[in-house]
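A look at the structure
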Amino acid sequence: DFICDSCDNTHNNPDDGLDGCVAIGYNAMGAGDLVAPHYTIAIGQNALLNLANGDKNIAIGYQALEEATSNDRCLAIGYQAMDSVDGGEADNIAIGYNAMKGMNHDQCDSNVAIGNYTMDAVSTNIAYNNTCVGHNSFTALTSGIQNVAIGTTSGDALQTGDNNVFIGRDSASETVDVDSAVII
């Protein structure tokens, strides 16, 4: 039940608990102590490199979800997308070059970042229930809860804020810290 191409083949035993897993690429799902991840796909060099027991993850791209060890239900597509999450972060979607790059806090859950450089400044701060779509949207966000940004560079200057909605290209492009704002 484990299909591996270009990995070390130490996990091709049908009794090892790796149900429904696919790894394609050098070190894809390859360095971690694979205990029992299920229904997980890693495509690309170092994709899901350190996975141990997270379930239902999909990583496509160089170093996508590279540090993930026990994360569940994460989708990362793109070069270094969501590369630093390493444990409790769950239910995140990152699509794009460096989308959610560097994010690493157990309370960073249920975020959606679509576009290159989206949500790539969160680091070890708390950010959850945020949605951004558009190149560079929320690129400066370090912490925030329940924010929405739709449009190229929408909310790109926001560093901290909760419960905001930014719609349109360059919306809130000079707003650094705000709560409960609607900017169109």
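Everything below is about the structure printed above this text.
This section reports on the structure supplied with the text. Numbering of residues starts from 1 in each chain and follows the order in which that chain's sequence is written. In keeping with the model being predicted, local features are shown solely for residues with a pLDDT of at least 70 and side-chain atom pairs are shown and tallied solely at 80 or more, while totals for entire chains, interfaces and linings include all residues. Side-chain measures were taken over the full set of non-hydrogen atoms in the model, leaving aside hydrogen atoms and water.

1. Considerations on unusual backbone geometry
Most peptide bonds are trans, and most residues other than glycine sit at a negative phi. In this model, Asn163 sits at a positive phi of 60 degrees, which is unusual for a non-glycine residue. Numbering goes from the N terminus for both helices and strands, where a helix is a DSSP run of H or I of at least four residues and a strand is a run of E of at least two. With respect to the helices and strands, the residue Asn163 is situated in the loop between strand S12 (160–162) and strand S13 (165–167). Residue classification places Asn163 among the partly exposed positions, given a relative accessible area of 40%. Here Asp170, not a glycine, exhibits a phi torsion of approximately 65 degrees, which is positive. Exposed residues in this analysis have more than 50% of their type's maximum accessible area, buried residues have under 20%, and partly exposed residues fall in between, with area computed by a 1.4 Å probe over protein chains only. Look at Asp170 and you get partly exposed, because its relative accessible area is 34%.

2. Quick word on the nonpolar core
Residues Leu65, Met82, Met119 and Phe138 are the most contacted members of the largest nonpolar core, which totals 35 residues. What makes two residues a contact is simply this: any of their non-hydrogen atoms within 4.5 Å. Leave out the neighbours within four places in its chain, and Met119 touches Met100, Lys101, Asn111, Ala113, Ala127, Asn130, Cys132, Ser137, Phe138, Thr139 and Leu141. Throughout this description, the term nonpolar core refers to a set of buried Ala, Val, Leu, Ile, Met, Phe, Trp, Tyr and Cys residues connected via side-chain atoms within 4.5 Å.

3. A short note on the side chain of Ser171
Structurally, the position occupied by Ser171 is in the loop between S13 and strand S14 (182–183). Polar contact criterion, stated in full: a pair of N or O atoms within 3.5 Å, where within protein one must be able to donate a hydrogen and the other to accept it, and residues adjacent in sequence count only if both atoms are side-chain atoms. A distance of 3.4 Å separates a polar side-chain atom of Ser171 from the backbone nitrogen of Ile167. The residues contacting Ser171, other than those within four sequence positions of it, are Thr153, Ser154, Gly155, Phe166 and Ile183.

4. Section: the sheet that holds strand S8 (residues 127–128)
When DSSP locates at least two bridges between a pair of strands, those strands are taken to pair. The strand order S8-S10-S12 describes an open sheet built from three strands, whose pairing is parallel. Edge positions in the open sheet fall to S8 and S12, since each of these has one partner strand only. Alignment of S8 against strand S10 (residues 143–145), held across two bridges, turns out to be parallel. Bridge assignment links Tyr128 to a residue of S10, and that residue is Ile145.

5. Structural notes on the state of the cysteines
Every disulfide links exactly two cysteines, by a covalent bond between their sulfur atoms. By disulfide we mean two sulfur atoms from cysteines, separated by a distance within 2.5 Å. In this structure the tally under the stated criterion is zero disulfides. The cysteine Cys108 is free of any disulfide, with Cys74 supplying the nearest cysteine sulfur at 11 Å. Look at Cys108 and you get buried, because its relative accessible area is 0%.

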